[in-house]
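What follows is the residue order along each chain.
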Amino acid sequence: MEQGFNRRRFLLSTAGIAGGLALPGAPLFAQSANKIRVGLMLPYTGTYAALGTAITNGFKLAVEQGGGKLGGREIEYFTVDDESDAAKAPENANKLIKRDNVDVLIGTVHSGVALAMTRVARETKTLLIVPNAGADEITGPLCSPSIFRTSFSAWQPAYAMGQVMAEKKHKNVVTLSWKYSFGEQSVAGFKEAFEKAGGKVVKEMYLPFPNVEFQPYLTEIAALKPDAVFVFFAGGGAVKFVKDYDAAGLKKTIPLYGSGFLTDGTLEAQGDSAEGILTTLHYADGLDIAKDKAFRSAYAMAFKMQPDVYSVQGYDAAQLFAAGLAGVGGDVTKREALIAAMEKATIDSPRGRFTLSKAHNPVQDIYLRKVEAKQNKVISVAAKALADPARGCRM
Amino acid sequence: MDFSTFLIQLLNSFQYGLLLFLVASGLTLIFGIMGIINLAHGSFYMMGAYMAFSLTALSGNLLVAIVVGVALSVLIGFLLEWALFSRLYKRDHLDQVLLTYGLILIFEELRSLLVGDDVHGVPIPELLSASIQLSETLSYPVYRLFMSAVCILLAIVMYWLIRHTRLGMMIRAGSSNREMVQALGINIDLIYRIVFGLGVTLAAFAGMLAAPVSSVYPGMGNQVLIICFVVVVIGGVGSVWGALVAALLIGLADTFGKVIAPDYAGLAVYVLMAAVLLWRPEGIFRRI
């Protein structure tokens, strides 16, 4: 038995090495095409299909506005549908990196998939720009010179909300979220800011992902009678939670706050139950920024639909890459200079100008928004130029 | 936890359990009587929820949506049985798993094409939109109580149908010996078609009833599928009565698991399943 097992393991590992050797290296003809090869690894089917499309549209809009070019070079797209499936992520990323030999990899929405992409990009030293996934690790312990992000870290909006709720003189707060890394990172960010400002988290509650049976927790909240509640939920869960919270009569007595995902892309389904809820995010409706107005009308013209926070992040991914290319005159082989130019860039984003932190995460304003007439209206800047602490990043 | 909170939590678990029963009862019929492992059961639940959403948008009334939706579900159930499932009775479980898994993918894709990938809400009917004040901070939506009442009513009707009607007798006979029932001159194909249609309709009806509180979103069927199988396994395959008891037990385990040991809430249901299976490997109740 022991012998057989070892032999099988040996066979497997040699097969792996042989397979590795068989993979094509950098083919020489790639350079002759003289186009910049952009790999888009995003969800085009499944729950996040709409988000993947928004990011792609945003990216392409920025390229179109540059006359179909980035940094003076023409663009060729290679697309893979990542299906938000983390199990297929390494294979999908390798397809773009090894087979299509892309110069830059753009992706993705789902944090689990993005973490796998980050690992592959680190190993192969591929330039990666993450246009959504907020897992703290990407610009934390997994940070690397070639990995950039144009969205946010889970920590950022939650930390800003901690400050806001402390300013509102809430003393005792209950938190509730799904028990998975993004939810836990959100709660941790919130708690850090809130307790620093003198507040107290009386109870942290989690429910298994993607369970949406909230009633026992609502009963708990009603019994604990905290001053306010902070939650992280998104998508279908966010819709159900906001409606259940309202139906349980809690909204009248115990105000509900959350990271912006609670009310983003869900307001139509949440209806009146969401009215008046305060959330924090790096984008909002009704921003008084000229760039945002121009972006919105150009996007609506080009794609016949309204942009959202995801299209902004895709747009900025292209802007960031363009800034890098501008620094090297479009020569992607000057890798270090390209990265240096990207690091120094100030991105003129629809969300407002931002720069990058040492760990390559946006240093950006986080807005406080209020749900009014099915829009996330900006009220104020909750945190000015907020930088993720990038814990665990050694670079 | 004081006594009034305890009572409210008890109500929560009871209400959750009854809804679980409604979704799982169709599965236990199809699985127990016809011997088909139907992984697409969750998709029927999702189909019901989306029907409630689209038909309510068209007619402006959830009740009308449910009546039309039930009729459509019966039709879809019959059609699927005639076209696909009737070919599966003599095949082994692997073929059934393959077919029904394929159906999950087809239903998801159809949903995406027809309605899109957004999350939608379904309004609660005006008549049932009130809520009852339970404690000074907590109130309970009347619609949830209405759902529980409907589930109880359906449980009684199903019990009566299977135990005390001629059709029920034929169904029970068909589940124990298909060939013999046929030899006695009963049209077993028709019986199976009815059972399958009933199973599909129960799942879709559960989706429609739950739509206003659960909201409607992609992949919602897959979430209920696993817990439905847990209900069927704990209750005993094919036993409607067992499914009811199991669903209520799961409601209790889930609710109080979340309150007492929140860190292990996800485990509570499966610990319960393991305990029941150790005690009674065939489930609490065997057969109908």
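Residues numbered from 1 in each chain as written. Chains lettered and ligands numbered in written order. Predicted model: local features only at pLDDT ≥ 70, side-chain atom pairs only at ≥ 80, totals over all residues. Heavy atoms only, no water.

Here we take up the UniProt feature "transmembrane region" (unreviewed entry) in chain B. Residues and elements named next belong to chain B. Listed under "transmembrane region" (unreviewed entry) in the UniProt record, and renumbered for this structure, are residues 16-40, 52-80, 142-162, 190-212, 224-252 and 264-281. Helix makes up 100% of residues 190-212 and strand 0%. Its end C-alpha atoms lie 34 Å apart. The span residues 264-281 is 83% helical and 0% strand by assignment, and the distance between its end C-alpha atoms comes to 24 Å. (UniProt positions renumbered as here; feature names shortened; annotations may be inferred. Helix = DSSP H or I, 4+ residues; strand = E, 2+ residues; numbered from the N terminus.)

The next subject is the UniProt feature "domain: Leucine-binding protein" (unreviewed entry) in chain A. Mapped onto this structure's residue numbering, the UniProt feature "domain: Leucine-binding protein" (unreviewed entry) falls at residues 35-374 of chain A. Helix makes up 43% of residues 35-374 of chain A and strand 22%, with an end-to-end C-alpha separation of 43 Å.

So, about the packing of helix H2 (residues 49-65) of chain A against helix H11 (residues 290-303) of chain A. All names here are of chain A. The contact between H2 and H11 brings their axes to 11 Å, and the two run at 105 degrees. Taken together, H2 and H11 sit at an angle that is classed as roughly perpendicular. From H2, Ala54, Asn57, Gly58, Leu61 and Gln65 reach across to H11, where they touch Phe295, Ala298, Tyr299, Ala302 and Phe303. Looking at the contact of H2 with H11 residue by residue, the class counts come to seven nonpolar, three polar and no charged. (Axes fitted to C-alpha atoms, helices over the stretch in contact; angles between N-to-C directions. Parallel < 35°, antiparallel > 145°, perpendicular 65-115°, else oblique. Contact = heavy atoms within 4.5 Å. Nonpolar A, V, L, I, M, F, W, Y, C, P; charged D, E, K, R; others polar.)

An α-helical turn contains 3.6 residues, so any two residues separated by three or four positions project in the same direction. Residues and elements named next belong to chain A. Here helix H7 (residues 215-224) lies mainly inside the structure; eight of its 10 residues are buried. Looking only at H7, the buried set comprises Gln215, Pro216, Tyr217, Leu218, Thr219, Glu220, Ile221 and Ala222. Where H7 terminates, the next one or two residues include Lys225, which has phi positive at roughly 50 degrees. (Buried < 20%, exposed > 50% of the residue type's maximum accessible area, 1.4 Å probe, protein only.)

How big an interface is tends to be stated in terms of the accessible area lost upon association of its parts. Each partner contributes residues to the interface: chain A has 32 residues there, and chain B has 33 residues. Counting the surface lost from both chain A and chain B, the interface buries some 2700 Å², and carbon and sulfur atoms represent 56% of this. The largest contributions to the chain A side of the interface with chain B come from Glu213, Gln215 and Thr219 of chain A, which together make up 19% of the buried area. Between chain A and chain B we count two salt bridges in total. Across the contact surface, chain A and chain B share nine residue pairs in polar contact (both at pLDDT 80 or more). Those elements that provide at least two residues to the side of chain A that touches chain B are strand S8 (200-207), H7, helix H8 (235-247) and helix H9 (250-253) of chain A. Counting residues per element, the side of chain A that touches chain B draws most heavily on H7 of chain A, at eight residues. (Buried area = accessible area lost by both parts, 1.4 Å probe. Salt bridge = Lys/Arg side-chain N within 4 Å of Asp/Glu carboxyl O. Polar contact = N/O pair within 3.5 Å; in protein donor to acceptor, adjacent residues only side chain to side chain.)

This brings us to the sheet that holds strand S6 (residues 147-149) of chain A. Two orientations exist for strands paired in a sheet by backbone hydrogen bonds: parallel and antiparallel. Ordered by their spatial adjacency, six strands build an open sheet running S2-S3-S1-S4-S5-S6 (chain A), and the pairing between neighbours is mixed. With partners counted over all chains shown, the strands left at the sheet margins are strand S2 (69-70) and S6 of chain A, one partner each. (Pairing = 2+ DSSP bridges.)

All names here are of chain A. Here strand S5 (residues 127-130) shows no split at all, with Leu127 and Ile129 on one side and Leu128 and Val130 on the other all buried. In the sheet, strand S4 (residues 104-106) pairs with S5 via three bridges, with the strands oriented parallel. Within S5, the position partnered with Val104 by the bridge is Leu127. Direction of pairing for S5 relative to S6: parallel, over a ladder of three bridges. The residue of S6 that forms the bridge with Val130 is Arg149.

The description of an aromatic ring pair rests on the distance of the ring centres and on the angle between the ring planes. Residues and elements named next belong to chain A. Scanning the entire structure with this criterion turns up 28 aromatic pairs over all chains. For the pair Phe182 and Phe232, a centre-to-centre distance of 5.0 Å together with 45 degrees between the ring planes defines the contact as tilted. With Phe182 in helix H6 (residues 181-196) and Phe232 in strand S9 (residues 228-232), this residue pair connects regions lying 50 residues apart in the sequence. Under the relative-accessibility criterion, Phe232 is labelled buried at 3%. Geometrically, the ring pair formed by Tyr299 and Phe303 is tilted, given 4.8 Å between the ring centres and 55 degrees between the ring planes. One end of the pair is Tyr299 and the other is Phe303, both in helix H11 and four residues apart, which spans about a single turn. Given the relative accessible area of 0%, Tyr299 is considered buried. Judged by its relative accessible area of 25%, Phe303 is partly exposed. Connected via pairs of aromatic rings, a cluster forms that spans Phe152, Trp178, Tyr180, Phe182, Phe214, Phe232, Phe233, Phe241, Tyr245 and Phe261. A cation over a ring is seen here: Lys60 above Tyr77, with NZ or CZ 4.7 Å from the ring centre. Sitting above the plane of the Tyr206 ring, Lys179 keeps its charged end 4.9 Å from the centroid. (Phe/Tyr/Trp six-rings, centres within 6.5 Å; stacked < 30°, edge-to-face > 60°. Lys NZ or Arg CZ within 6 Å of the ring centre and 35° of its normal.)

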